[in-house]
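Residue-level listing of the chains:
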2 protein chains.
Amino acid sequence: MLTRNDDATLRQLLDPASIAIIGASDNPDKIGGRPIHYMRRHGYAGQLYPINPQRADVQGERCWPSLASLPAAPELAIVAVAGEQGVRAVDECAASGVAAAIVISAGFAETGSTGRALQDAMAARARAAGMRIVGPNSQGLANFGTGAIASFSTMFLEVPPADGPVAVISQSGGMSAMVYGLLRQRGIGVRHVHATGNEADVTVADLACAVLRDPEVRIVLLYLESLREAGALAEAAAMARARGVALIAVKSGRSEAGARAAASHTGALANEDRAVDAYFEHHAILRARDPQELVRYAELALRGPLPRGPRLVVVSNSGASCVLASDAAQESGLEIAPLDAATQAGLARCLPGFATTTNPVDITAALLSNNGLFGEVLPLIASDPAADGFLIDIPVAGRGYDVAAFAADTADFAARAGKPVAVVAWQAPVAAAFRERGVAVYADEQQACGALAALYRLHRLRGRVAPAWTSDAAATVPPAGLGEDSSAQAQPSTGTLSEAHSLALLASHGLTVAEHAVCADADAAVAAWRRIGVPVALKACSARLPHKSEHGLVALGLNDETALREALARQAQTLARLGVDDAAWIVARMHAGLHECALGVRNDPVFGPVVLVGAGGKYVEALDDVAVLLPPFGAEDVAAKLRGLRIGALLAGVRGDPPADVEALAEQAVRLGRYARAAGGRVASVDINPVLVGARGQGAVALDALVELAGAPPSSA
Amino acid sequence: MLTRNDDATLRQLLDPASIAIIGASDNPDKIGGRPIHYMRRHGYAGQLYPINPQRADVQGERCWPSLASLPAAPELAIVAVAGEQGVRAVDECAASGVAAAIVISAGFAETGSTGRALQDAMAARARAAGMRIVGPNSQGLANFGTGAIASFSTMFLEVPPADGPVAVISQSGGMSAMVYGLLRQRGIGVRHVHATGNEADVTVADLACAVLRDPEVRIVLLYLESLREAGALAEAAAMARARGVALIAVKSGRSEAGARAAASHTGALANEDRAVDAYFEHHAILRARDPQELVRYAELALRGPLPRGPRLVVVSNSGASCVLASDAAQESGLEIAPLDAATQAGLARCLPGFATTTNPVDITAALLSNNGLFGEVLPLIASDPAADGFLIDIPVAGRGYDVAAFAADTADFAARAGKPVAVVAWQAPVAAAFRERGVAVYADEQQACGALAALYRLHRLRGRVAPAWTSDAAATVPPAGLGEDSSAQAQPSTGTLSEAHSLALLASHGLTVAEHAVCADADAAVAAWRRIGVPVALKACSARLPHKSEHGLVALGLNDETALREALARQAQTLARLGVDDAAWIVARMHAGLHECALGVRNDPVFGPVVLVGAGGKYVEALDDVAVLLPPFGAEDVAAKLRGLRIGALLAGVRGDPPADVEALAEQAVRLGRYARAAGGRVASVDINPVLVGARGQGAVALDALVELAGAPPSSA
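Criteria and thresholds
- Residues numbered from 1 in each chain as written.
- Chains lettered and ligands numbered in written order.
- Predicted model: local features only at pLDDT ≥ 70, side-chain atom pairs only at ≥ 80, totals over all residues.
- Heavy atoms only, no water.
- Helix = DSSP H or I, 4+ residues; strand = E, 2+ residues; numbered from the N terminus.
- Buried < 20%, exposed > 50% of the residue type's maximum accessible area, 1.4 Å probe, protein only.
- Contact = heavy atoms within 4.5 Å.
- Lys, Arg positive; Asp, Glu negative; His and termini not counted.
- Charge placed at Lys NZ, Arg CZ, Asp CG, Glu CD.
- Pairing = 2+ DSSP bridges.
- Axes fitted to C-alpha atoms, helices over the stretch in contact; angles between N-to-C directions.
- Buried area = accessible area lost by both parts, 1.4 Å probe.
- Salt bridge = Lys/Arg side-chain N within 4 Å of Asp/Glu carboxyl O.
- Polar contact = N/O pair within 3.5 Å; in protein donor to acceptor, adjacent residues only side chain to side chain.
- Nonpolar A, V, L, I, M, F, W, Y, C, P; charged D, E, K, R; others polar.
- UniProt positions renumbered as here; feature names shortened; annotations may be inferred.
- Domains from an automatic or database assignment.
- Least-squares fit on C-alpha atoms with pLDDT ≥ 70 in both.
- Phe/Tyr/Trp six-rings, centres within 6.5 Å; stacked < 30°, edge-to-face > 60°.
- Lys NZ or Arg CZ within 6 Å of the ring centre and 35° of its normal.
- Patch = residues over 30% accessible without salt bridge, like charges linked within 9 Å, V, L, I, M, F, W, Y side chains within 5 Å.
- Areas by Shrake-Rupley, 256 points an atom, 1.4 Å probe, with all protein chains shown as cover.
- Disulfide = S-S within 2.5 Å.

## Notes on the overall build of chain A
Broken down by element type, chain A carries 26 helices and 31 strands. Overall, chain A is about 100 × 80 × 40 Å in size when its C-alpha atoms are taken along their principal axes. A total of 717 residues make up chain A; the buried ones form 60% of that total. Excluding contacts between residues fewer than 6 apart, the proportion of contacts in chain A whose partners are at least 24 apart in sequence is 72%. For chain A, the separation between the mean place of its 61 positive charges and that of its 73 negative charges on side chains is 2 Å.

Right, dumping it as structure tokens:
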């Protein structure tokens with residue numbers, strides 16, 4: 001058997017030396033005719049084998065009666081016959097030594113469980129024979145570098161192709177065609193347009209790896225509705241990062257309604273959207289909201305370097321556009337920074353008196369009387385430290401304006417500045433003039449600033465160095481031994497753990513938990529309180545009581561024996577009423593701190609364990625102020641995520657509060673992540689809430705925790 | 001003197017019987033030539049008077065040497081001469097009985113204080129003579145209904161005009177031209193395109209009132225950078241609402257960076273952006289982010305009724321677009337509701353087996369084999385209760401698709417459904433086919449859903465009935481008499497009030513404040529505690545101590561005499577250290593409650609008093625979870641605002657909490673608003689934090705308050 005992404009097989013998919021079309025048609029508007037039409041028209045230089053027992057020739061090419069009649073097995077076969085005939089054709093391909101088949105035929109998994117069984121069996125037979133399958137229900141693959149256009153999309157008729165540095169790979173045929181069309185509309189050349197359909201074998205990620213071996217590919221754009229496995233795309237992302245190729249992806253079905261629609265479209269398994277975000281960030285894959293945004297990002301990435309900072313300089317011939325651009329910049333997270341004195345002095349010499357020499361630079365309608373003004377102004381700003389990127393905004397141009405000169409000046413400037421330049425122009429002739437010179441153009445300030453901000457995000461994601469966690473990391477953490485267990489509860493190996501067992505498990509993996517003792521009765525509780533020596537909390541503890549505070553089974557601030565015994569008696573009554581007979585009591589020190597945070601783990605079916613960190617307390621779900629991280633990550637990654645939350649402002653210190661010990665909280669998150677990763681899928685979930693965070697230097701301590709184990713306990717524990 | 005928006009004068013601006021052009025040019029590309037060119041080309045039927053002492057004729061029209069030489073005073077004069085000559089020309093117009101002048105000349109307020117003085121003096125002289133001025137620094141006014149195109153914008157050359165039901169009025173000439181261009185690009189006819197420039201006299205709001213008298217105007221679009229006074233636009237909004245005309249506005253300078261840019265563009269006074277939102281909402285003015293969004297909203301408003309609910313039905317020939325549309329809908333606040341059984345049964349009869357009959361409706365590529373499918377499917381869904389609006393998404397069409405038929409079917413459907421329909425299509429021929437049939441078309445799902453959600457918001461704003469507050473309303477509230485004052489502090493009439501005076505003032509206007517006593521010494525405090533009979537808070541009270549908790553001058557939960565006396569002694573020491581010698585003490589009942597909220601008043605320089613309501617507590621600024629309301633408003637308005645805040649989820653009741661007494665909090669907000677409104681500008685600010693809100697039926701009580709008075713105390717107090 002072949003290895004999954006064997007170079008040769010994927011090369012044969014994208015650049016086959018010979019292609020058979022099973023179900024070849026003389027009519028270029030039929031599914032079996034269009035690929036032949038395309039390949040003849042776009043100069044496919046390999047061997048074409050139309051197969052149709054009814055015809056001697058097809059669109060001027062010799063036609064063959066069957067696969068068996070061919071002089072040699074083709075590297076690639078396009079299966080364009082429907083139903084059972086299609087399945088038979090795939091089997092014949094596998095038997096004849098065809099390297100890969102594109103199954104255009106529909107009627108498989110997308111129609112329900114019978115179709116899925118048919119598809120699975122067909123794919124299994126192909127796999128056994130060593131043949132790769134694209135599809136079924138695929139629109140096909142198109143390579144405009146070689147003319148191997150094994151696709152029946154009509155879009156290549158509507159919008160003429162031109163080879164270029166972009167690859168588009170999509171689970172949906174419609175979206176592959178649409179992204180191609182949007183790119184071509186912007187004058188961008190596209191080499192690869194691939195649609196994987198039902199993905200019985202070859203996935204979007206597999207093809208991403210394949211196109212990344214093409215050194216002329218500089219941007220890879222993906223459209224995904226579901227991610228079923230995380231490894232291959234991570235591999236593609238690593239290749240892209242190593243090559244400096246921008247990998248940008250739409251993952252739709254972000255919302256509940258969208259996920260429902262995706263399930264009914266392709267039976268797609270819904271991904272937890274925040275986990276998708278964390279996964280993309282982790283692998284420096286830039287996420288776009290929709291195909292239009294994908295293409296906007298691609299245009300800017302193609303036309304220049306990524307922004308290396310958030311500071312934007314705006315130049316416009318309209319004061320109103322300066323205002324709109326400033327609003328859009330700030331709302332996108334970019335900064336309109338002041339220009340330095342030398343830049344301003346230079347601008348003052350060059351601009352008329354009523355123009356502004358501050359950022360944004362309003363060169364006013366003076367552009368009308370001096371069409372060279374653009375070329376004079378731009379170099380003055382090029383090296384200003386306020387400029388990580390440029391937005392040139394031309395809301396009005398026409399008679400009297402030498403737009404071609406503006407475009408030429410801008411292109412010269414962009415080439416020399418070594419910083420990204422985005423133009424905003426809605427008038428078609430203005431946009432066309434700039435695009436002709438290779439400058440990225442947007443319809444409005446929001447779109448331009450959105451693209452600049454996104455590519456700055458990509459720059460930061462690429463620059464991030466993830467820590468290397470060894471697989472036995474969790475085992476190296478010494479048990480903390482903070483808890484003391486006087487109860488008879490044994491540590492279970494599956495299911496929901498009691499608070500005591502949860503805290504003990506977390507402490508053994510290096511997390512700081514509240515000083516506490518597990519007590520079987522009132523005497524033990526009193527003894528524990530005396531040992532702790534300060535006010536304590538008393539909590540009933542049983543794996544059957546995950547929501548103890550809602551039952552009134554938590555008493556706080558107890559500091560005398562009577563109060564403690566009374567509280568315990570009251571809780572015992574409640575437990576009896578609830579029918580819980582296996583409870584012990586936790587007597588825990590009342591720790592001091594500034595803010596209630598929360599930490600958690602979820603075991604994502606696709607991405608594995610992810611760590612949650614954010615605001616805690618009673619209203620943790622309703623407040624929904626939580627970030628998700630994919631291991632491995634460092635404390636600085638956690639701190640950066642916390643800064644992006646609403647609680648970030650509070651943790652930084654406001655209203656006379658000192659800054660909180662974010663470092664300690666981040667370190668707890670890292671330890672939790674190391675444990676969860678080492679444990680693999682055996683940790684189903686962890687909820688630590690609250691984690692009480694003190695002032696800087698005073699630590700963060702888990703006051704309550706709930707661990708759910710999925711299977712056998714982790715080997716490292 | 002004329003009344004401000006005298007019908008006749010504004011009529012003469014928009015539809016003048018005669019127009020003089022001072023500084024007329026034979027060259028249609030000169031500022032003094034272009035209006036003449038436009039008016040001749042677009043059939044202006046009134047009398048044109050080109051004025052230029054150097055020429056006998058201009059562009060084929062007889063030219064006059066001076067204003068004085070004209071046979072009659074023109075109704076409108078366009079002043080297209082620069083500098084001092086321009087000022088002289090304006091003065092001559094005023095002296096000659098010209099009704100209104102459009103001052104195109106620049107070099108006034110936009111250049112600095114000297115220019116501003118020049119402008120103010122010129123405007124004052126015109127006002128004294130009874131002449132209205134548009135500008136200076138105006139691009140002019142254009143009326144394509146009459147051909148009175150007193151504008152030098154080049155845009156009417158670039159994009160050919162067509163009369164229609166839309167009016168565009170802008171402070172910026174560039175933006176008026178751009179909005180016009182964007183509308184025309186979408187095939188929308190435009191009647192009015194007006195730019196007010198420096199607004200020495202006539203404002204955008206004045207012209208909005210004027211165009212609203214034109215019964216054929218159905219949409220009024222505004223571009224504003226600053227609002228200097230609230231009355232005229234409110235008048236325009238009332239007219240628009242009465243006529244069912246959509247009034248949609250961009251107010252730029254939303255962000256700090258944007259406001260800075262606006263200040264340097266036009267010296268615009270920055271408006272508090274949340275107050276702008278509150279003002280627009282109050283007057284049912286729909287706010288758009290930028291000119292592009294403005295035009296997207298306008299297209300949908302023009303093509304059909306407003307959505308009367310949030311439920312959207314999506315129909316597409318692409319499953320992927322169904323997913324993208326569902327994401328966009330949910331993110332815009334729309335709902336993808338299930339279709340009812342009858343609709344689904346109808347769809348099942350009409351669609352092929354593999355299509356989905358749920359919402360979104362994926363009619364699949366079956367559209368290729370049956371171009372009538374659209375026409376069959378749409379009527380089936382028209383009356384489904386899940387449909388308040390429709391999104392028809394066609395990401396791929398071309399060879400094999402009868403797009404003209406789809407467009408005709410959609411237009412028929414839209415006409416019959418009585419519900420809004422938006423199409424998503426990025427291919428130019430597809431978009432054009434639908435636009436030709438009068439259907440609104442968008443480039444992506446975000447834009448379409450954004451427009452549908454915005455117009456649903458406008459529908460709700462229009463439906464809102466603001467309560468009628470009589471001006472003496474505040475006086476009718478009986479003093480509550482909850483506070484008891486044993487101190488010697490006298491109620492001041494200006495400046496910052498002490499907590500005691502603030503609470504007393506608010507209580508006298510009907511707000512519920514904590515039960516408390518103001519005490520001069522420890523004995524009085526102890527007596528007050530005994531009277532209250534439960535644990536109390538002790539707070540030092542002085543107008544010089546607005547941030548008492550930060551100085552440790554608040555002690556909570558005191559319930560015995562020793563503790564009370566000790567706390568008071570400690571606070572007395574702190575006060576001595578701070579040099580505060582006028583303090584009294586507040587002894588206040590410790591009220592029980594569920595949530596800490598906050599109420600406030602700010603006196604906006606343009607909009608007057610606005611009321612703030614939201615999350616309270618120590619971190620009120622950092623959490624920034626506050627809504628702004630413009631009086632008059634009702635308790636239901638407040639409750640709706642609260643539901644939109646993050647604290648809204650908590651107030652509704654989560655994690656075992658009962659629902660909070662939102663009604664009581666809302667009633668407090670209404671009383672505060674009535675008081676602030678009756679007091680006019682005399683209340684500079686109010687901060688009530690926290691307002692402790694109990695469970696439903698248990699009320700909301702102000703625990704702390706700080707009132708700042710600006711001048712004389714309100715007459716009603």
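On we go.
## Details of the side chain of B:Arg296
Examined against the element boundaries, B:Arg296 turns out to sit in helix H11 (residues 291–303). With sequence-adjacent residues up to four places away left out, B:Arg296 is seen in contact with A:Asp444, B:Arg186, B:Arg289, B:Tyr442, B:Gln447 and B:Ala451.

## Considering the sheet that holds strand E2 (residues 47–51) of chain A
All names here are of chain A. If you trace the five strands from one edge of the open sheet to the other, you get E2-E1-E5-E6-E7, paired in parallel fashion. Two strands in the sheet have a free side with no partner beyond their single neighbour: E2 and strand E7 (132–134). For this sheet, the mean angle separating the axes of adjacent strands, direction not counted, is 20°. With three bridges connecting them, strand E6 (residues 100–103) and E7 associate as parallel partners.

## Topic: the interface of chain A and chain B
Taken together, the contact pairs 78 residues of chain A with 77 residues of chain B. Buried area between chain A and chain B, both sides added, is near 6100 Å², and the carbon and sulfur share of it is 57%. For the chain A face of the interface with chain B, the top three residues by lost area are A:Arg399, A:Trp426 and A:Arg655, together amounting to 14%. Across the chain A-chain B interface, the total number found is ten salt bridges. Residue B:Glu331 pairs with A:Arg254 through a salt bridge whose shortest N-O separation is 2.4 Å. If you look at where chain A meets chain B, you find 28 residue pairs in polar contact (both at pLDDT 80 or more). Counting residues per element, the side of chain A that touches chain B draws most heavily on helix H12 (residues 319–331) of chain A, at ten residues. A class-by-class count of the residues in the side of chain A that touches chain B yields 31 nonpolar, 26 polar and 21 charged.

## Focus on the UniProt feature "domain: CoA-binding" (unreviewed entry) in chain A
Cross-referencing UniProt, the feature "domain: CoA-binding" (unreviewed entry) maps to residues 13–108 of chain A in the present numbering. Across residues 13–108 of chain A, helical content stands at 25% and strand content at 23%; the span's end C-alpha atoms are separated by 22 Å.

## A short note on the domain arrangement of chain A
A common way to report how large an interface is uses the accessible area buried once the components associate. Considered domain by domain, chain A is made up of domain 1 (7–301), domain 2 (303–463), domain 3 (515–589) and domain 4 (595–709). Its C-alpha centre places domain 3 of chain A at a distance of 26 Å from the equivalent point of domain 4 of chain A.

## Side note on the relation of the copies chain A and chain B
When chain A is fitted to chain B, the residual RMSD is 0.1 Å, and the transformation amounts to a turn of 180° plus an axial shift of 0.1 Å. Between the two chains, the operation in question is that of a two-fold axis. Here 99% of the interface residues in chain A have copies in chain B that are interface residues too; the copies meet face to matching face.

## A few points about the packing of aromatic side chains
Residue and element names in this part refer to chain A. Scanning the model with the defined rule gives 22 aromatic pairs over all chains in all. Between Tyr 279 and Phe 280, the aromatic rings sit 6.0 Å apart at their centres with planes inclined by 45°, giving tilted as the arrangement. Judged by relative accessible area, which is 2%, Tyr 279 ranks as buried. For Phe 280, a relative accessible area of 1% gives the class buried. Linked through ring pairs, Tyr 38, Phe 144, Phe 156 and Tyr 180 together constitute an aromatic cluster. Just above the ring of Trp 64 sits the side chain of Arg 62; from NZ or CZ to the centre is 3.6 Å.

## Section: a nonpolar patch on the surface
A grouping of A:Val554, A:Leu556 and A:Met590 is seen on the molecular surface, where their side chains present a nonpolar patch of about 250 Å² in accessible area. Mapped onto the secondary structure, A:Val554 falls in strand E24 (residues 554–558).

## Description of the pattern of salt bridges
Residue and element names in this part refer to chain A. For the structure on display, the rule yields 76 salt bridges over all chains. Between Lys 539 and Glu 499 there is a salt bridge, and its shortest N-O distance comes to 2.6 Å. Within this pair, whereas Lys 539 is found in strand E23 (residues 536–541), its partner Glu 499 is found in helix H20 (residues 499–508), the two being separated by 40 residues in sequence. Given a relative accessible area of 7%, Lys 539 falls into the buried group. Judged by relative accessible area, which is 4%, Glu 499 ranks as buried. Taken together, the salt bridges that share partners define one network made up of Asp 163, Arg 191, Asp 214 and Glu 216.

## Some details on the state of the cysteines
Residues and elements named next belong to chain A. Under the counting rule described, the total for this entry stands at zero disulfides over all chains. Not part of a disulfide, Cys 350 finds its nearest cysteine sulfur in Cys 322, a span of 15 Å. With a relative accessible area of 19%, Cys 350 lands in the buried category. Here Cys 449 stays free of any disulfide, with the sulfur of Cys 322 as its closest cysteine sulfur at 12 Å. Judged by its relative accessible area of 0%, Cys 449 falls in the buried class.

## A word on the sheet that holds strand E10 (residues 166–170) of chain A
All names here are of chain A. The strand order across the open sheet formed by seven strands is E9-E8-E11-E10-E12-E13-E14, and the pairing between neighbours is mixed. Of all the strands in the sheet, the pair left with one neighbour each is strand E9 (148–151) and strand E14 (286–288). Each neighbouring strand pair of the sheet contributes to a mean axis angle of 15°, computed without reference to strand direction. Relative to the sheet, helix H18 (residues 445–463) contacts strand E13 (246–251) and E14, its axis offset from that of E14 by approximately 150°.

## Some thoughts on unusual backbone geometry
A cis amide bond, omega -5°, links A:Pro631 with the succeeding residue A:Pro632. By the element assignment, A:Pro632 lies in the loop between strand E28 (626–629) and helix H24 (635–643). B:Pro690 follows B:Asn689 through a cis peptide bond whose omega is 0°. Its location among the elements puts B:Pro690 in strand E29 (residues 683–693). A positive phi angle is found at A:Asn137, which is not glycine, with a value near 65°. Given the relative accessible area of 29%, A:Asn137 is considered partly exposed.

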